[in-house]
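# Observations on the model geometry
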Amino acid sequence: MSITYTEQKIFTMEQVRELFLSVGWVSGKYPTRLYKALMNSETVITAWDNDRLAGLARVIDDGEMVAYMHYLLVHPDYRHRGIANHLVEAIKEKYKNYLYINLMPEESKNAAFYKRFGFDVMPDGVAMQLCNFADKR
């Protein structure tokens, strides 16, 4: 298996939908909106096994000081192959001159994964969200 990585937004709406649904993320239920959001994002790094989308990282940034890694996901068929590690390292390299790279793991159990790359839990940070869709899990 040879995984290739790119920042080119060459994915299709169906490829993105399938990837997000494969990990159970509700975003995959809104493929048109998800695709548009990714296409309008500053950075999307994708991992490919030939023409199959195996993983994706998305970053929203302000162009100078703060980058926010909003998505990091790997299709279950490709887990434990170093894809997530490669995506995180690529983000760290691209944004190494920013003051902060922020992220908010969906589940607290994922914090240990990010700590391996130098991320720390903010001592007084609190995750907050306003949910505007009806299908709240």
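Preceding this paragraph is the structure being described.
Bear in mind that the values here come from a model prediction, so they are computed numbers and not experimental data.

### A short note on the environment of Val88
Structurally, the position occupied by Val88 is in helix α3 (residues 83-94). Owing to a relative accessible area of 1%, Val88 belongs among the buried residues under this scheme. Considered as a pair, Val88 and Met69 are 19 residues apart in the sequence and their alpha carbons are 9.0 Å apart. Other than its neighbours up to four places away in sequence, Val88 contacts Met69, Leu72, Phe113, Tyr114, Phe117 and Phe119.

### Let's talk about the packing of helix α1 (residues 13-22) against helix α2 (residues 31-39)
At a closest axis distance of 9 Å, the pairing of α1 and α2 adopts a crossing angle of 105°. The pairing of α1 with α2 is recorded here as roughly perpendicular in orientation. Here α1 contributes Met13, Val16, Arg17 and Phe20 to the contact with α2, which in turn contributes Pro31, Thr32, Leu34, Tyr35 and Leu38. Tallied by class, residues from the contact of α1 with α2 come to seven nonpolar, one polar and one charged.

### Observations regarding the side chain of His75
With respect to the helices, strands and loops of the structure, His75 is situated in the loop between β4 (66-74) and α3. A distance of 3.0 Å separates the side chain of His75 from the backbone nitrogen of Asp77, its partner in a polar contact. In contact with His75, not counting residues within four places along its chain, are Glu18, Leu19, Ser22, Arg52, Leu53 and Ala54.

### Section: the packing of aromatic side chains
Applying the stated criterion to the full structure yields eight aromatic pairs. A ring pair is formed by Phe20 and Trp25, whose centres lie 5.7 Å apart and whose planes are at 70°; its orientation type is edge-to-face. Judged by its relative accessible area of 0%, Phe20 is buried. One aromatic cluster is present, built from ring pairs that chain together Phe113, Tyr114, Phe117 and Phe119.

### A word on the sheet that holds strand β3 (residues 52-61)
Read across the open sheet, the five strands follow the order β1-β2-β3-β4-β5; overall the sheet is mixed. The open sheet terminates on both sides in strands that have one partner only, identified here as β1 (3-6) and β5 (100-103). Pairwise comparison of adjacent strand axes, ignoring direction, gives a mean angle of 20° for this sheet. Examined bridge by bridge, strand β2 (residues 43-49) and β3 share seven bridges and lie antiparallel to one another.

### Remarks on the nonpolar core
Within the largest apolar cluster, 22 residues are counted, with the highest numbers of intra-cluster contacts made by Met69, Leu72, Ile83, Val88, Ile91, Tyr95 and Phe119. Those elements that place two or more of their residues in this core are β2, β3, β4 and α3. The dominant element in this core, judged by the number of residues it contributes, is α3, at five residues. Core analysis: the second largest hydrophobic core is formed by 13 residues, Leu19, Val23, Trp48 and Leu53 among them.

### Examining the pairing of β4
When β3 meets β4, the two strands line up antiparallel, connected through seven bridges. Across the sheet, Ile60 pairs through a bridge with Tyr68, a residue of β4. In this antiparallel pair of consecutive strands, β3 and β4, the connection spans four residues, and Gly63 shows a positive phi of 90°. As judged from the four bridges shared by β4 and β5, these two strands associate in the parallel manner. Across the sheet, the residue bridging to Met69 is Leu103, located in β5. A crossover connection joins β4 to the parallel β5 through α3; in handedness this β-α-β unit is right-handed.

Cut-offs and rules
Per chain, the residues get numbers from 1 upward, laid out in the order the sequence is written. In view of the model being predicted, local features appear only for residues whose pLDDT reaches at least 70, and side-chain atom pairs are presented and counted only at 80 or more, with totals across whole chains, interfaces and linings using the full set of residues. Excluding hydrogens and water, the side-chain figures rest on all heavy atoms present in the structure. Note on conventions: DSSP H or I runs of at least 4 residues are helices, E runs of at least 2 residues are strands, and numbering of each starts at the N terminus. Residue burial is assigned from relative accessible area. The probe radius is 1.4 Å, only protein chains are included, and a residue is buried under 20% of its type maximum, exposed over 50%, and partly exposed in between. Only heavy atoms enter the contact rule, under which two residues are in contact if any of them lie within 4.5 Å. Interaxial angles span 0 to 180 degrees and are taken between N-to-C directions of axes, which are lines fitted to C-alpha atoms, for helices over the stretch in contact. Here the angle decides the label: under 35 degrees means roughly parallel, over 145 means roughly antiparallel, 65 to 115 means roughly perpendicular, and every other value means oblique. When residues are sorted by character, Ala, Val, Leu, Ile, Met, Phe, Trp, Tyr, Cys and Pro go into the nonpolar class, Asp, Glu, Lys and Arg into the charged class, and all the rest, Gly among them, into the polar class. Any pair of nitrogen or oxygen atoms within 3.5 Å is treated as a polar contact; in protein, a donor-acceptor pairing is required on top of that, and neighbouring residues in sequence qualify only through side-chain atoms on both sides. When the centres of two rings from Phe, Tyr and Trp lie within 6.5 Å, Trp using its six-membered ring, the rings pair. Their planes under 30 degrees apart give stacked, over 60 give edge-to-face, and anything left gives tilted. Pairing between strands is defined by DSSP: at least two bridges between the two strands are required. Buried Ala, Val, Leu, Ile, Met, Phe, Trp, Tyr and Cys residues form a nonpolar core when they are joined through side-chain atoms within 4.5 Å. Looking down the strands as they point away from the viewer, one classifies a crossover as right-handed if the path from the first strand across the helix to the second runs clockwise.

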